[in-house]
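Take a look at the letters that make up each chain.
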Amino acid sequence: MSEKVSFNEAWKKALHLGGTLFAVTAVTGIILGLVENVTSKAILQAEIAARNEAYQLVMPAGKTFDEVETKPDDFVTGVIKASDESGTVGWCVNVSSKGYGGQIGFVVGITKEGTVKAINILSHSETPGLGAKSTEPEFYTQFNDKDKLPLKVVKGSASNPDEIAAISGATITSNAVTDGVNGAVKYWSENLKGAE
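What you see is a predicted model; the values in this text were computed from it and never measured. (Residues numbered from 1 in each chain as written. Predicted model: local features only at pLDDT ≥ 70, side-chain atom pairs only at ≥ 80, totals over all residues. Heavy atoms only, no water.)

Colleague: Please set out helix H1 (residues 7-58) residue by residue, giving values where relevant.
Modeller: Under the 1.5 Å per step criterion, the end-to-end length of H1 is 75 Å for 52 residues, consistent within 8% with the ideal 76 Å. Buried residues belonging to H1 abut strand E1 (64-68), strand E2 (76-84), strand E3 (87-98), strand E4 (103-111) and strand E5 (116-123). (Helix = DSSP H or I, 4+ residues; strand = E, 2+ residues; numbered from the N terminus. Expected span 1.5 Å × (residues − 1). Contact = heavy atoms within 4.5 Å.)

What follows is the structure, given as structure tokens:
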């Protein structure tokens, strides 16, 4: 024979179960919030460290790197002034350019005189083995110390100072990076040239 449970007992059990579920959910939410808070700070610090390292790589003469106001632009997403004890040595221009797999984010170092010192790819979604080769020195070091601008992509080997050899099978990626570099130099010419 089954026991009859009174309405009051059923109500008490439901409240107890509801209270237990609420307590577990609240504690879990608090723990997840704390974990998110700690990890988001760590992620932000890692991103800042990666950007600072990229700035140093593309503008090695810089000792300090300070963000400056950026005008809206098709390629440029931010500008950092690189300085040493004597003043401005150049600019680190953050660029986003549309590649084959999505946006390619990178930094272009431009000297006070307008020479592209170097570039550093920060993020991309390009095809492994093809466009992803943009992060390999064989490709990105072609931009080092370029002063014959604008640059153009060529298939095969580059024979002139204004040429960049395309990555085999990844012309879209090669063009995207080169267009971004040209866009950064154009931005420098129109907004930063002669600025201290």
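Colleague: I'd like a rundown of the sheet that holds E1, residues and numbers included.
Modeller: A sheet is described by the order of its strands in space; here five strands give the open sequence E1-E2-E3-E4-E5, paired in antiparallel fashion. The open sheet has two edge strands with one neighbour each: E1 and E5. Ignoring which end each strand starts from, the neighbouring axes of this sheet average 25 degrees apart. Bridge count between E4 and E5: six bridges; the pairing is antiparallel. Bridge pairing in E5 places Ile110 opposite Val116. In this fold H1 packs onto E1, E2, E3, E4 and E5, with an angle of close to 155 degrees to the strand it touches most, E5. Against the sheet, helix H3 (residues 171-192) makes contact with E2, E3, E4 and E5, and its axis sits at roughly 45 degrees relative to E4, the strand it touches most. (Pairing = 2+ DSSP bridges. Axes fitted to C-alpha atoms, helices over the stretch in contact; angles between N-to-C directions.)

Colleague: Kindly report on the nonpolar core, identifying the contributing residues and their values.
Modeller: Phe106, Val108, Ile119, Phe143, Val177 and Val181 are the most contacted members of the largest nonpolar core, which has 26 residues in total. Breaking this core down by element, the ones donating at least two residues are E2, E3, E4, E5 and H3. By residue number, the principal contributor to this core is H3, which donates eight residues. When neighbours within four sequence positions are excluded, Ile119 is seen to be in contact with Val58, Phe106, Val107, Val108, Tyr140, Phe143, Asn144, Val177 and Val181. If you look at the next biggest cluster of nonpolar residues, it comprises ten residues, including Ala54, Ile80, Val107 and Ala118. (Core = buried A, V, L, I, M, F, W, Y, C linked by side-chain atoms within 4.5 Å. Buried < 20%, exposed > 50% of the residue type's maximum accessible area, 1.4 Å probe, protein only.)

Colleague: Explain the environment of Gln103 residue by residue, including any values.
Modeller: Looking at where Gln103 falls in the secondary structure, it is placed in strand E4. Looking at Gln103, the relative accessible area reads 41%, which means it is partly exposed. Gln103 sits 34 residues away from Pro137 along the chain, and the two C-alpha atoms are 20 Å apart. Contact partners of Gln103, with chain neighbours within four places excluded, come to Ser96, Ser97, Lys98, Ser123, His124 and Ser125. Of the polar contacts made by the side chain of Gln103, one reaches the side chain of Ser96; its length is 2.7 Å. (Polar contact = N/O pair within 3.5 Å; in protein donor to acceptor, adjacent residues only side chain to side chain.)

Colleague: How would you summarise the pairing of E4 if you had to cite specific residues and measurements?
Modeller: With eight of its nine residues buried, E4 lies for the most part within the structure. Here E3 pairs with E4 via nine bridges, running antiparallel. Pairing of Ser96 across the sheet is with Gly105, part of E4. Linking E3 back to E4 in an antiparallel pair, the connection comprises four residues, with Gly102 at a positive phi of about 140 degrees.

Colleague: Got a sec to walk through the side chain of Asn182? Specific residues and values, please.
Modeller: If you trace the backbone, Asn182 turns up in helix H3. Ignoring sequence-local partners within four residues, the contact set of Asn182 consists of Pro150 and Leu151.

Colleague: I'd love a proper account of the pattern of salt bridges, names of residues and values included.
Modeller: Tallying each qualifying case throughout the model produces three salt bridges. Note that Asp145 is salt-bridged to Lys117, the shortest N-O span being 3.2 Å. Residue Asp145 is found in the loop between helix H2 (137-140) and strand E6 (152-154), and its partner Lys117 is found in strand E5; the two are separated by 28 residues along the sequence. Using a relative accessible area of 46% as the deciding quantity, one classes Asp145 as partly exposed. For Lys117, a relative accessible area of 30% puts it in the partly exposed group. Lys152 is the salt-bridge partner of Asp162, the closest N and O atoms lying 3.9 Å from each other. Separated by ten residues along the polypeptide, Asp162 in the loop between E6 and strand E7 (163-165) and Lys152 in strand E6 bring together distant segments of the chain. Judged by relative accessible area, which is 22%, Asp162 ranks as partly exposed. On the accessibility criterion, Lys152 (42% relative accessible area) is partly exposed. (Salt bridge = Lys/Arg side-chain N within 4 Å of Asp/Glu carboxyl O.)

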